[in-house]
Every structure is written in structure tokens, then in C-alpha cells.
Amino acid sequence: MHISESIINNLLIEVDALSYRISNIHQTFLNTSHVGLRERLFNENIKISQRLNEIFSIAKVLKDRNNENISFSSLLVEKCERTIAKERIEKNLFFL
């Protein structure tokens with residue numbers, strides 16, 4: 001395994017963890033009425049969104065450096081795009 005593949009694998013694992021955390025945040029946000037907790041969850045969601053965008057930027061650079069159509073970097077870009085899209089849809093839950 002090349003070093004870049006190892007980095008990409010670590011980023012894939014992080015995107016999975018962030019995606020899972022987003023789901024938990026939204027579920028908890030809907031089930032609580034505690035104002036302090038809701039504010040903390042909202043702020044954490046913003047930080048996760050920023051991190052996902054950072055990973056997405058890194059993934060695009062790695063994909064552009066690779067000349068293969070199917071690669072780990074392509075998988076990372078796709079996973080980031082889907083997670084960001086899911087996060088945008090679920091973000092609307094904060095404003096119901």
C-alpha cells in the first residue's frame with residue numbers, strides 16, 4: 001500500500017465516523033428540549049461540516065493527481081460528496 005493510499009484510507013474512516021456522528025447529532029437534537037445541549041449540538045454540526053469540506057478539498061486534489069478513473073481517491077471524493085449532500089438535507093431539521 002502506498003503512503004497516499006494509507007492517507008486516503010484514514011480519511012475514508014474519518015468520513016464514515018463524521019457521517020455517523022451527524023446522524024447522532026440530528027437524532028439527539030430532535031429528541032431533546034435542553035437549550036444548552038441543542039446549542040452545543042448545533043455548533044458541533046457546524047464544525048463537522050467544516051471538516052467534511054476540508055476532507056473533500058483534499059480528496060479532489062488527490063483525485064486530480066491520479067490519472068486512473070477508479071481509485072481510492074475517487075471513492076473518497078464520492079463518499080465526501082454523498083455525506084455532504086446528506087448533511088445538507090439533514091441540516092434542514094435544525095430549522096423545523
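Everything below is about the structure printed above this text.
In this report, the structure presented in the accompanying data block is examined. This structure is a prediction, so every number in the text was calculated from the model and none was measured.

Here we take up the pattern of salt bridges. This structure, assessed with the given rule, holds five salt bridges. Its salt-bridge partner being Arg21, residue Glu44 comes within 2.8 Å of it at the nearest N-O pair. Remark: Arg21 occurs in helix 1 (residues 3-31) and Glu44 occurs in helix 2 (residues 35-65); sequence separation between them is 23 residues. Take Glu44: its relative accessible area is 23%, and that puts it in the partly exposed class. Salt-bridge contacts for Glu54 lead to Arg51; the nearest nitrogen and oxygen are separated by 3.1 Å. Of the two residues, Glu54 and Arg51 are both situated in helix 2; the distance of three residues between them amounts to about one turn of the helix.

Procedures and definitions
- Residues numbered from 1 in each chain as written.
- Predicted model: local features only at pLDDT ≥ 70, side-chain atom pairs only at ≥ 80, totals over all residues.
- Heavy atoms only, no water.
- Salt bridge = Lys/Arg side-chain N within 4 Å of Asp/Glu carboxyl O.
- Helix = DSSP H or I, 4+ residues; strand = E, 2+ residues; numbered from the N terminus.
- Buried < 20%, exposed > 50% of the residue type's maximum accessible area, 1.4 Å probe, protein only.

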